[in-house]
Amino acid sequence: MNVGDAARRTGLPAKTIRYYEEIGLIAPQRSANGYRDYTGEDVHRLAFLKRARNLGFSIEDCRQLMALYRDRSRASADVHRIASSHVTAIEEKIGELQSMRATLQKLIHACHGDDRPDCPILEEMAGTKEHAAG
């Protein structure tokens, strides 16, 4: 099947599929006329990549997970390590986002939100006043 068909079957944009090929995550066959020819197995790999990316795994993590998926002699501990590391990164990001939210909430509370030009939010971003402790 062509890239358009693979895109429809996986829900991935054709551009993403071509990018995955460019970086070596997939390697579709080429037909006699040079067009990409995706097999059912290619579509399965693309769906795998889509699910992994939707879970927030990096391209490099996806590369490792794909290799482990294809390796029937893999150790599940390797997959567990990658997933656990990803959860740790997610938890760190959640902490950062919660801190950003708290800072912004303090700044919003300090801002009058009226017609006056003084704005603690902009002053904090400019580093001219300390309105939030972070």
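For clarity, every value in this text was computed on a predicted model and none was experimentally measured.

1. Section: helix H1 (residues 3–10)
Okay, so step 1: Regarding H1, the residues found buried are Val3, Ala6, Ala7 and Thr10. For H1, the angular spread of the buried residues around the axis is 100°, confining them to a single face. In H1, the exposed positions angled more than 90 degrees off the buried face are occupied by Arg8 and Arg9.
Okay, so step 2: A distance of 3.0 Å separates the backbone nitrogen of Gly4 from a side-chain oxygen at the start of H1, and that oxygen is part of Asn2.
Okay, so step 3: Gly11 sits one or two positions beyond H1 and adopts a positive phi of about 80°.

2. Thoughts on the side chain of His86
Okay, so step 1: Relative to the helices and strands, His86 is located in helix H5 (residues 76–110).
Okay, so step 2: Side-chain polar atoms of His86 contact the backbone oxygen of Gly56, separated by 3.5 Å.
Okay, so step 3: Beyond its immediate chain neighbours, meaning those up to four positions away, His86 contacts Leu55, Gly56 and Phe57.

3. As for the UniProt feature "domain: HTH merR-type" (unreviewed entry) in the chain
Okay, so step 1: Per the UniProt record, "domain: HTH merR-type" (unreviewed entry) is found at residues 1–68.
Okay, so step 2: Helix makes up 62% of residues 1–68 and strand 6%, with an end-to-end C-alpha separation of 26 Å.

4. Re helix H4 (residues 59–70)
Okay, so step 1: The terminal C-alpha atoms of H4, which comprises twelve residues, lie 16 Å apart, in line with the 16 Å expected from a rise of 1.5 Å per residue.
Okay, so step 2: If you check which residues of H4 are buried, you get Ile59, Asp61, Cys62, Leu65, Met66 and Leu68.
Okay, so step 3: In this structure, the buried side of H4 is in contact with helix H2 (14–22), helix H3 (40–54) and H5.

5. A few points about the nonpolar core
Okay, so step 1: Membership of the largest hydrophobic core comes to 21 residues, with the highest contact counts inside it found for Ile17, Tyr20, Ile26, Tyr38, Leu46 and Leu49.
Okay, so step 2: Counting only elements with at least two residues in this core, the list comes to H1, H2, H3 and H4.
Okay, so step 3: Excluding anything up to four places from it in sequence, Ile26 contacts Ile17, Tyr20, Glu21, Tyr38, Arg45, Leu46 and Leu49.

Definitions and cut-offs
- Residues numbered from 1 in each chain as written.
- Predicted model: local features only at pLDDT ≥ 70, side-chain atom pairs only at ≥ 80, totals over all residues.
- Heavy atoms only, no water.
- Buried < 20%, exposed > 50% of the residue type's maximum accessible area, 1.4 Å probe, protein only.
- Helix = DSSP H or I, 4+ residues; strand = E, 2+ residues; numbered from the N terminus.
- Arc of directions from axis to C-beta.
- Polar contact = N/O pair within 3.5 Å; in protein donor to acceptor, adjacent residues only side chain to side chain.
- Contact = heavy atoms within 4.5 Å.
- UniProt positions renumbered as here; feature names shortened; annotations may be inferred.
- Expected span 1.5 Å × (residues − 1).
- Core = buried A, V, L, I, M, F, W, Y, C linked by side-chain atoms within 4.5 Å.

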